[in-house]
Each structure stands twice: as C-alpha cells, then as structure tokens.
Amino acid sequence: MKKTAYETLRPRYYPARQCWAVDVPARLNNGKRVRKFYASETEAAKASAEMAISHGMGQLTTPDSTKATIAALAARWLAGNNVKVDAGRLSKDTYRQQAWGVGMLVEKFGHVAPADLKRGLVSAWIDSLDLTTRGRFNVFSVCKTFLNSDLVFDHCEVNPFRTPPPKQDKDHRVPILTPKQMGALLQGAFPPWFRNWLVCGAFAGLRTIEVLRMSHDAFDFEFDEIVVRKAEAKQGEAAKPRTVTMLPAFKRHMPQ
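Bear in mind that the values here come from a model prediction, so they are computed numbers and not experimental data. (Residues numbered from 1 in each chain as written. Predicted model: local features only at pLDDT ≥ 70, side-chain atom pairs only at ≥ 80, totals over all residues. Heavy atoms only, no water.)

### A word on the nonpolar core
In summary, soluble globular proteins display a tendency toward joint burial of nonpolar side chains.
Link 1 in the chain: Leu9, Leu105, Phe109, Trp125, Ile126, Phe146 and Phe161 are the most contacted members of the largest nonpolar core, which has 40 residues in total.
Link 2 in the chain: Those elements that provide at least two residues to this core are helix 1 (5-8), strand 2 (19-24), helix 2 (41-59), helix 3 (70-86), helix 4 (92-109), helix 5 (119-128) and helix 6 (133-148).
Link 3 in the chain: Those residues in contact with phenylalanine 109 that sit more than four places away from it in its chain are Met57, Ile70, Leu117, Leu121 and Trp125.
Link 4 in the chain: Of all hydrophobic cores here, the second largest spans 21 residues; its members include Met214, Ala218, Met246 and Ala249. (Core = buried A, V, L, I, M, F, W, Y, C linked by side-chain atoms within 4.5 Å. Buried < 20%, exposed > 50% of the residue type's maximum accessible area, 1.4 Å probe, protein only. Helix = DSSP H or I, 4+ residues; strand = E, 2+ residues; numbered from the N terminus. Contact = heavy atoms within 4.5 Å.)

### Describing the environment of phenylalanine 146
Link 1 in the chain: Here phenylalanine 146 lies in helix 6.
Link 2 in the chain: Residue class for phenylalanine 146 comes out buried when judged on its relative accessible area of 1%.
Link 3 in the chain: As a C-alpha pair, phenylalanine 146 and leucine 78 span 68 residues in sequence and 9.2 Å in three-dimensional space.
Link 4 in the chain: Not counting the four nearest positions on each side in its chain, phenylalanine 146 is found in contact with Ile70, Leu73, Ala74, Trp77, Val102, Leu105 and Val152.

### Considerations on the sheet that holds strand 5 (residues 225-228)
Link 1 in the chain: Strand order in the open sheet formed by three strands is 4-5-6, with antiparallel pairing between adjacent strands. Each of the sheet's edge strands pairs with one partner strand only, and the pair in question is strand 4 (219-220) and strand 6 (242-245).
Link 2 in the chain: With four bridges connecting them, strand 5 and strand 6 associate as antiparallel partners. Counterpart to glutamate 225 in the pairing with strand 6 is threonine 245. (Pairing = 2+ DSSP bridges.)

On their own, these measurements won't tell you what the molecule is for.
Right, here's the structure in full:
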C-alpha cells in the first residue's frame with residue numbers, strides 16, 4: 001500500500017549532524033527530491049505536518065453542491081447540542097469545549113465534505129496545531145465525537161479521527177514528594193489560606209478546582225467528612241455531590 005504524505009514526511013534524527021530532517025520525495029515536491037534539516041524534533045514535526053497538509057489540501061476537489069460540508073453539519077450539530085444544554089442533558093463546559101474543537105476543524109476544513117477528510121490529512125492537521133500536547137488531544141477527541149455523531153457518520157465511509165495523539169509529553173512526570181520532603185514543605189511559614197490549600201491537595205483527595213471553590217463549612221471534623229457539593233465538583237453542573245473521608249494526616253496538619 002502506498003504511503004500517505006503524512007507517513008512519508010515523518011521526520012528522522014541524524015546522529016552525525018545531531019539534528020532532525022524531513023525527506024521530501026520528488027512526487028511531493030514538483031519532481032525534485034530534497035532534505036530539510038531542523039534543530040529540534042518539534043520544529044521538524046511541525047514543518048512535516050504543514051507540508052503534508054499543503055499536499056493533502058491540493059488533492060481535494062471542490063465538493064459537489066449536493067454534498068453536505070463540514071461547516072454546515074457542524075452548525076447543525078452544535079445547535080442540537082445547545083438544545084441539550086437548555087434541557088439540562090449536557091453541561092455548559094462540555095458544550096464550550098465542543099464549540100472550541102469543532103470550530104477549529106471548521107476553520108481549516110469547513111468547505112470540505114466529510115468523506116474527503118482522510119486520516120493522514122487529519123493527523124497532519126492535529127500535529128500542526130499550536131497547542132499543548134493535551135490541547136491537541138482534546139481537539140482530536142471533540143472532532144472524533146463530531147464525526148461519530150448520527151448527523152455526520154452517514155456522510156463518510158470511515159471516521160478519519162482514529163489514532164489519537166498522546167495525552168501528555170513523553171517526558172512528563174507528576175512529581176511525588178517523599179514523606180520527608182512533604183514534612184519539610186509543611187514547616188514553611190505560609191499564610192493560613194495557602195496552608196489550607198496545601199494540606200487539602202496533599203491529604204484530602206480533592207481536585208484542585210474543588211479546593212479553590214470550597215469554603216470551611218464543607219469540612220465536618222465531628223464526623224471526619226468533607227462534603228463536595230454539586231457546585232464545587234470538577235464537572236460543574238453535570239457533577240454529582242460526594243463525601244470524602246478525612247485521613248488522619250489531613251486532620252493532623254489542617255489548621256482548625
């Protein structure tokens with residue numbers, strides 16, 4: 001099977017030159033084979049993605065007037081989901097993210113029919129987005145949901161959003177403090193509000209956004225419980241209230 005432009009243009013590392021390069025074959029460069037060098041993998045990946053998009057967009061034909069475009073389908077899909085928000089079946093936060101992700105798809109491919117979107121073109125577009133690793137993953141997830149919807153699925157043979165990008169960078173690691181490091185941190189001369197926030201984050205099992213939304217009346221020291229109300233939970237309006245049991249370390253370090 002012939003490789004797509006996206007697969008052909010993947011950057012490679014050259015140890016002798018200590019840099020990254022993209023080999024552009026003659027069929028993708030007006031009959032002339034070239035090799036382009038870049039100082040980092042990020043620069044090379046972005047450049048190769050942009051070249052693959054340029055080639056892919058040049059292969060697209062003007063959509064038939066009888067075919068529904070991505071822009072038209074996206075407008076109908078978002079309008080339908082907005083009705084779900086009004087009915088309480090979809091959170092405003094989810095709808096906002098849908099509008100953001102699909103809006104980026106429409107901005108690039110709005111004039112295209114869904115059937116003309118190919119996997120290599122989509123993958124190159126995701127790689128080219130000037131977003132964080134997590135941001136690109138979120139755009140991918142929203143667009144995949146859009147293409148999988150009943151409104152759109154009948155217009156394309158297969159969903160091109162099939163291979164998701166990574167959720168986080170390869171070298172991303174969440175730092176975990178040792179008991180000794182945590183003890184040293186708690187010795188710091190912090191203002192009371194910051195110490196409360198620090199203890200909640202370390203020992204309560206609460207999410208950051210929940211800690212920021214909570215007040216002291218959520219902590220019941222008589223029954224050793226923390227009440228996370230619906231308005232404070234991470235998922236917002238679609239969230240369910242819950243109760244978190246206080247750990248001994250939380251009670252020991254939390255200023256009462």
